[in-house]
Amino acid sequence: MRTAKALALLLALALLLCGCGTTNTSSTNSQLTESTATALPGSMRVLYSSKDTLNPYSCSTLQNRIVCQLLFDPLYKLDTAYNPVACLASGAKVQGKTCTVTLKNAKFSNGSAVTPADVVFSFEKAKSSATKYAAALSTVSKAAAEENGVRFTLTRNDPYCLNLLTFPIIKSGSDNLKNNDNKSLPPIGCGRYVFNESSAELTASPGYYGEAPKVSKIQTVDCPDDESVLEAVESQMVDLYYTELSSSNIPKMNGTAKNVPQNHLVFLGVNPAGALQNVYLRQAVSAALGREKLCREAYYSKAQPAVGLFPENWAPVQNRQTIEKQQNLEIAAQNLTLAGYTEKNTSGLYLTRQKKPLTLTLIVNSENAYRTAAAKLLVTQLKAAGITLQLRAENYSQYTADIAAGRYDLYLSEVRLEDNMDPGCLAELYSGNLLSGKAVPSSSAASSAAQSSSGSGSSKNQSSQSAAGSASGSDAQGSAGTTASSATSSAPVQEITLTTANACKGFYGGTLQITDIVTAFTAELPVIPVLFKSGLAIYNNGFEGLTPTVTDLFYGI
C-alpha cells in the first residue's frame, strides 16, 4: 500500500515538473500534496486560493467564487433554462414593483436560524459590493424584513425579478470574523458544505436544509495564480475545471466536458448614421449569417446560435424567436432588393447606384481570438450574399476609439445580459447601437422583411411583392473606413411602429409583454444577434448527474 502511494506521489510530481517550464513549482504548488494527487473515496478536489478570501462579496479569484457556491446558498438558483429554482425561498409573490419572498426553515452552519434580517443584511452587502450581484440588483431599490420573509421594492415592473435573487445569504455580522492570527474567516453560510480552516477542506453540512450531497468531503488544491491553476488542471489534480471562455487558452484535462449555458450575447453592432440605417440591409446581413457554422468553427461548438435577443432555451420565449440559424441567401437577396440594390457585377457582388460594390466595414478586437475567428468567417458568409465586408482587426484601444468616433459600419462585440434577460445593457454600449430609443428609418414593409429573415413562408411572398414596387436603386455604400452618414437608400421609408427601446419601456412599465420585445426586435434588428457563448465545465469521469448552470456548477451534486 505504501509503495502504491509513493508511486502515485512520484507520478504527480513528475507531471508537475513537465507542465510549464517557466513556473516555479516549488513555490506555486506547495499545497499539491499526496492527498490531492488522487481523490479520496467519497471526495472531490477543487481549485482554491489561500491568498484570497472566501467571502462571496469580496473574493476576486474565479476558483474561490466557485468554492463559495458550495458554502453559501441564495434565495433562488437558475437551472439550465434560466428558470428560478427555490433554495432558501419557500415561495414568492411578484406584483407590480413589489416582490415578497417567504423563507424556508433553514439553519446556518453554526445552528442559528436563517432570518429575514440575515437576508436583508446579505442584500445590502451584495448591493454595495463590486461583484456581479450589485449589477444584477441595480433595479431592486431596497429590502425590508417581514415576519416570514422579505419584501423587495423594485424600480419598475419585472415579472422575472426572481432571477435576480441569486445573491449568497450570509449570517448578519459574520463577514468580519477573524481567527487568532487576525486572518479573515469565511462568513457563516447555510450552504451544502462547511469550510474547515485547519485542513482547508469542505465537509458536508450536517444541518443542511436540503438534500444531503453524496460527496461527503471536498478537498481544496491551493493554486493562488493562473500558472499554478494550469499545472494543477493539466496534471489531473482536480476533479473540476471551469472557464467562461474569455480566453482560447484551455488547459488539457481528462474528463467529461459540459457546456454551461450563459447569457453572453455576441452581436454585430451597427452604425445608425451609415448605410445600415436601412432596416432591409440589416435584415439582409442577418440572413447572410450562418450562425451554426460560426458556433461550430469560431467557438468550437462552445456556443449556441442566437435566434433572437434572448437565449433560445429561456422558457418565456421558447419557440417565439424566429431568426434563422442557417445562412439563407434567398432571404438575404430579397431584403437587398427591398433596400434598393438591384444590380450585381460579374463577381456576383451587389452594386451601389455609383456602380461600385456594396461595401461595409467590420471592426473587431484583435485581442479576442474567438471573435477574430468569427469575423473572418463573416467576411466569407457576406461575400456569398453579394456583400463585400472589409475587416479591420484592431487592438482594444483603437477598437473602442473607432466605435466612439463612428468609424465603422459593423462592430463585433459581446455583452452579458442580466439573469432576468434585461436587454437594457445594450443601450449603455458605445452609443453606436440603436437601442437608444431613437426612431429608425425603414420602409412600410419592415415587418414583412423582418419575418423574411426568419424564414417564414408567407413573408417571403410579401417581400417579393413589395420589392417589385419599391426598389428604385440605392446610393448606399459602406464607410470603408469612414462613416457614410449621407449614404442612405432611395427606397421609400417611414418610421418603425414600435422600436425595441420603446417595447422595453412598455414591458417594464407593465403595459407590454415579453413577446412584444421579441416582435419589435425581430422587425427592427437594432443590433444583429450572432450567438450566445457558453462556459465550459470539465468534470472527472467519476462524477455523474451534474448539470452545471450559470449560478451553480455543482447543480445535482
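Residues numbered from 1 in each chain as written. Predicted model: local features only at pLDDT ≥ 70, side-chain atom pairs only at ≥ 80, totals over all residues. Heavy atoms only, no water.

> Would you explain the overall build of the chain in this entry?
In terms of helices and strands, the chain carries 16 helices and 19 strands. A burial count over the chain gives 54% of its 557 residues as buried. About 22,900 Å² of surface is accessible on the chain, with carbon and sulfur atoms providing 49% of the total. (Helix = DSSP H or I, 4+ residues; strand = E, 2+ residues; numbered from the N terminus. Buried < 20%, exposed > 50% of the residue type's maximum accessible area, 1.4 Å probe, protein only. Areas by Shrake-Rupley, 256 points an atom, 1.4 Å probe, with all protein chains shown as cover.)

> Looking at this structure, I do not really get the packing of aromatic side chains. What am I missing?
One pass over the full model with this rule turns up 15 aromatic pairs. Measuring from centroid to centroid gives 4.7 Å for Tyr208 and Tyr209, while their planes differ by 50 degrees, and the two rings are tilted. Ring geometry for Tyr396 against Tyr399: centres 6.4 Å apart, planes inclined by 40 degrees, an arrangement best described as tilted. Of the two residues, Tyr396 and Tyr399 both sit in helix 12 (residues 396–405), three residues apart, roughly one turn of that helix. What makes Tyr399 buried here is its relative accessible area of 1%. Three or more aromatic residues joined by ring pairs make a cluster, and in this case those are Tyr160, Phe310, Trp314, Phe507 and Tyr508. Looking at Arg156, its charged tip hangs above the ring of Tyr508, at a distance of 3.5 Å from the centre. (Phe/Tyr/Trp six-rings, centres within 6.5 Å; stacked < 30°, edge-to-face > 60°. Lys NZ or Arg CZ within 6 Å of the ring centre and 35° of its normal.)

> What's the story with the nonpolar core in this structure? I'm lost.
Nonpolar side chains in soluble globular proteins tend to end up buried together. By size, the foremost hydrophobic cluster in this structure holds 60 residues, and its most contacted members are Met44, Leu75, Phe152, Leu165, Phe167, Ile218 and Phe554. With residues up to four places along the chain from it excluded, the contact list for Ile218 reads Met44, Val46, Leu70, Tyr193, Glu201, Leu202 and Ile557. Judged by nonpolar contacts, the second largest core, of 56 residues, contains Val266, Leu276, Ala375 and Val530. (Core = buried A, V, L, I, M, F, W, Y, C linked by side-chain atoms within 4.5 Å. Contact = heavy atoms within 4.5 Å.)

> How should I be thinking about the sheet that holds strand 4 (residues 89–95) in this particular structure?
Either a parallel or an antiparallel arrangement is found when strands of a sheet pair, and the pairing is made through backbone hydrogen bonds. Strand order in the open sheet formed by four strands is 4-5-7-6, and the pairing between neighbours is antiparallel. Lying at the two open borders of the sheet, with one neighbouring strand each, are strand 4 and strand 6 (140–145). Averaged over all adjacent pairs, the angle separating strand axes in this sheet is 20 degrees, with direction ignored. Across five bridges, strand 6 lies against strand 7 (residues 149–154) in antiparallel orientation. (Pairing = 2+ DSSP bridges. Axes fitted to C-alpha atoms, helices over the stretch in contact; angles between N-to-C directions.)

> Is there a simple way to think about the pattern of salt bridges in this case?
A side chain of one charge can pair with a side chain of the opposite charge if their charged atoms are brought near each other. Enumeration according to the criterion identifies 17 salt bridges in this entry. Between Asp419 and Arg416 there is a salt bridge, with the nearest N and O atoms lying 3.5 Å from each other. Residue classification places Asp419 among the buried residues on the basis of a relative accessible area of 6%. Given a relative accessible area of 26%, Arg416 falls into the partly exposed group. (Salt bridge = Lys/Arg side-chain N within 4 Å of Asp/Glu carboxyl O.)

> Before we go on, may I ask you to explain helix 5 (residues 116–128) in this structure?
Each α-helix winds once per 3.6 residues, and so residues spaced three or four apart point in a common direction. Between the first and last C-alpha of helix 5 there are 19 Å, a value that for 13 residues agrees with the 18 Å anticipated at 1.5 Å per step. Buried within helix 5 are the following residues: Pro116, Asp118, Val119, Val120, Phe121, Ser122, Phe123 and Ala126. For helix 5, the elements touching its buried residues are strand 5 (98–103), helix 6 (132–136), strand 6 and strand 7. (Expected span 1.5 Å × (residues − 1).)

> Got a minute to help me understand the environment of Asn313 in this structure?
The residue Asn313 is located in the loop between strand 13 (303–305) and helix 10 (329–338) in this model. The sequence separation of Asn313 and Thr80 amounts to 233 residues, and the corresponding C-alpha distance is 8.1 Å. Dropping the residues within four chain positions of it, Asn313 is found in contact with Thr80, Ala81, Tyr82, Pro261 and Gln318. A distance of 2.7 Å separates a polar side-chain atom of Asn313 from the backbone oxygen of Thr80. (Polar contact = N/O pair within 3.5 Å; in protein donor to acceptor, adjacent residues only side chain to side chain.)

> For this particular structure, what's the right way to read the pairing of strand 15 (residues 388–394)?
Side chains on a regular strand alternate between the two faces of the sheet. Looking at chain direction, strand 14 (residues 359–365) and strand 15 are connected through seven bridges and run parallel. Note on strand 15: the bridge partner recorded for Asn365 is Glu394. Chirality of the crossover, the property in question, places the unit of strand 14, helix 11 (residues 369–384) and strand 15 among those that are right-handed. (Right-handed = clockwise from strand over helix to strand, strands pointing away.)

> Got a minute to help me understand helix 11 in this structure?
Taking 1.5 Å of rise per residue, the 16 residues of helix 11 would be expected to cover 22 Å, and the 24 Å separating its terminal C-alpha atoms lies within 8% of that figure. Those residues of helix 11 not exposed but buried are Tyr370, Arg371, Thr372, Ala374, Ala375, Leu377, Leu378, Gln381 and Leu382. Where the residues of helix 11 are buried, they touch strand 12 (256–270), helix 8 (279–288), helix 9 (291–298), strand 14, strand 15 and strand 16 (410–416). If you check the start of helix 11, you find a side-chain oxygen 3.2 Å away from the backbone N of Tyr370, and it comes from Asn368. Two residues or fewer after helix 11 comes Gly386, characterised by a positive phi angle close to 90 degrees.

> Which parts of the structure should I look at to understand unusual backbone geometry?
Residues other than glycine predominantly adopt negative phi, and peptide bonds predominantly adopt the trans conformation. Its identity is not glycine, yet Leu245 carries a phi of approximately 60 degrees, on the positive side. One can find Leu245 in the loop between strand 11 (240–243) and strand 12. Although it is not a glycine, Met421 sits at a positive phi angle of roughly 65 degrees. Within the element layout of this structure, Met421 appears in the loop between strand 16 and strand 17 (441–442).

> What should I look at first to understand the sheet that holds strand 10 (residues 217–222) in this one?
Within the open sheet, the four strands sit side by side as 1-10-9-8. Their pairing is mixed. At either end of the open sheet lies a strand with only one pairing partner, and these are strand 1 (43–48) and strand 8 (193–196). With direction set aside, neighbouring strand axes in the sheet form an average angle of 25 degrees. By the bridge criterion, six bridges tie strand 1 to strand 10 in an arrangement that is parallel. Its bridge partner being in strand 10, Met44 is matched across the sheet by Ile218. Strands in contact with helix 4 (residues 62–71) are strand 1, strand 8, strand 9 (201–204) and strand 10; relative to strand 1, the strand with the most contacts, it is inclined by about 140 degrees.

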